[in-house]
Amino acid sequence: MMPSPGLSATPRRSMKPQRLLGAASGWFVAVTLFASWLLNLLPWGRWPGVPDFFGIVLLFWSVHAPRRVGMTVGFVGGLLLDVHNARLLGESALAYTLIVYWAVAWRGRILRFGPAAQTLHVLPVVVLSLGAMVALRSLLLLTWPGWWWLADCLVTALLWPFVTWLLQLPQRIAAGSDPT
């Protein structure tokens, strides 16, 4: 049977082959988590629209290296941020533990897409985790901080493609492929 003149005999592939990246160094994971935690310590971190640097890097490593970064890292990092920011002890720890939980739960789904489309999956993770923190603070202190925390969530999620590119850059260079 002959194929019709308008159709080609072989199907076209719409996906480009990609190189598999090696595992990230444990030191690199630790340094990036510590650097992002230090960025959260800066005084402009309480302004509206400032992203949660530790949260986005924790989310990245929870998705890309779930055996190296777990809930303990999120919990301890959150407790240290709570102490530094003089917040209720455990509210950031709860948020970061939820980030790790949802990242591991949605890991397979997130990795199916490219970095730009992954932003749509990262946004609910960030909103749910930070929303739990805001709800807990509102319930215990009987004050409502407003809706500005949603701007923080949106900016954090919009940084996902850049964070993905930046944190995978050393692995691409080590693999000998084009870093862009």
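Just so you know, these numbers come straight off a predicted model, no measurement behind them. (Residues numbered from 1 in each chain as written. Predicted model: local features only at pLDDT ≥ 70, side-chain atom pairs only at ≥ 80, totals over all residues. Heavy atoms only, no water.)

## Section: the packing of helix H4 (residues 91-105) against helix H6 (residues 115-141)
Convention followed: As a rule, the C-alpha atoms of each element are fitted with a line to give its axis, helices using only the stretch in contact, and angles between N-to-C directions run from 0 to 180 degrees. Elements are defined by DSSP. Helices are runs of H or I of four residues or more, strands are runs of E of two residues or more, and each kind is numbered from the N terminus. Under this scheme an angle from 65 to 115 degrees is roughly perpendicular, one under 35 degrees roughly parallel, and one over 145 degrees roughly antiparallel; angles in between are oblique. Note on convention: the crossing is left-handed when the near helix lies turned anticlockwise from the far helix by less than a right angle, right-handed when the turn is clockwise. By definition, residues are in contact when any of their heavy atoms lie within 4.5 Å. Just so you know the grouping, Ala, Val, Leu, Ile, Met, Phe, Trp, Tyr, Cys and Pro go in nonpolar, Asp, Glu, Lys and Arg go in charged, and all remaining residues, Gly too, go in polar.
For the pair H4 and H6, interaxial distance at closest approach is 8 Å and the crossing angle is 155°. Relative to H6, the element H4 lies roughly antiparallel. For the pair H4 and H6, the crossing hand works out as right-handed. Contacts between H4 and H6 involve Glu-91, Ser-92, Leu-94, Ala-95, Leu-98, Ile-99 and Trp-102 on the former and, on the latter, Val-125, Leu-128, Ser-129, Leu-130, Ala-132, Met-133, Leu-136 and Arg-137. Tallied by class, the residues present in the contact of H4 with H6 amount to 11 nonpolar, two polar and two charged.

## Some words on the side chain of Asp-152
Short version of the rule: A simple rule labels every residue: compare its accessible area, found with a 1.4 Å probe on the protein chains alone, to the largest value its type can have, and call it buried under 20%, exposed over 50%, or partly exposed in between. Under this rule, positive means Lys or Arg and negative means Asp or Glu; His and the chain ends count for nothing. Criterion for a salt bridge: a side-chain nitrogen of Lys or Arg within 4 Å of a carboxyl oxygen of Asp or Glu.
Within the secondary structure, Asp-152 is located in helix H7 (residues 148-158). Despite its burial, Asp-152 pairs with no opposite charge, the nearest such side chain being Arg-87 at 7.3 Å.

## Here's the deal with the pattern of salt bridges
A full pass over the atoms with the stated rule returns two salt bridges. Put simply, Arg-87 and Glu-91 hold a salt bridge, and the shortest N to O gap is 3.7 Å. Accessibility expressed as a relative area gives 32% for Arg-87, which makes it partly exposed. Residue Glu-91 is classed as buried on the basis of its relative accessible area of 1%. The partner of Arg-137 in a salt bridge is Glu-91, with the nearest N and O atoms 3.0 Å apart. Note that Arg-137 is positioned in helix H6 and Glu-91 in helix H4, a separation of 46 residues in sequence. Judged on exposure class, the residue Arg-137 and its partner Glu-91 are both buried. What you see here is one network of salt bridges that share partners, running through Arg-87, Glu-91 and Arg-137.

## Let's talk about the confidence of the model for the chain
We count it as follows: Here pLDDT means the predictor's own confidence in every residue, given as a number from 0 to 100.
A residue-level look at the chain finds 83% of positions with pLDDT of 70 or above and a mean pLDDT of 85. At the level of individual helices and strands, the chain shows its lowest average pLDDT in helix H8 (residues 160-174), which scores 87, and its highest in helix H2 (residues 53-64), which scores 95.

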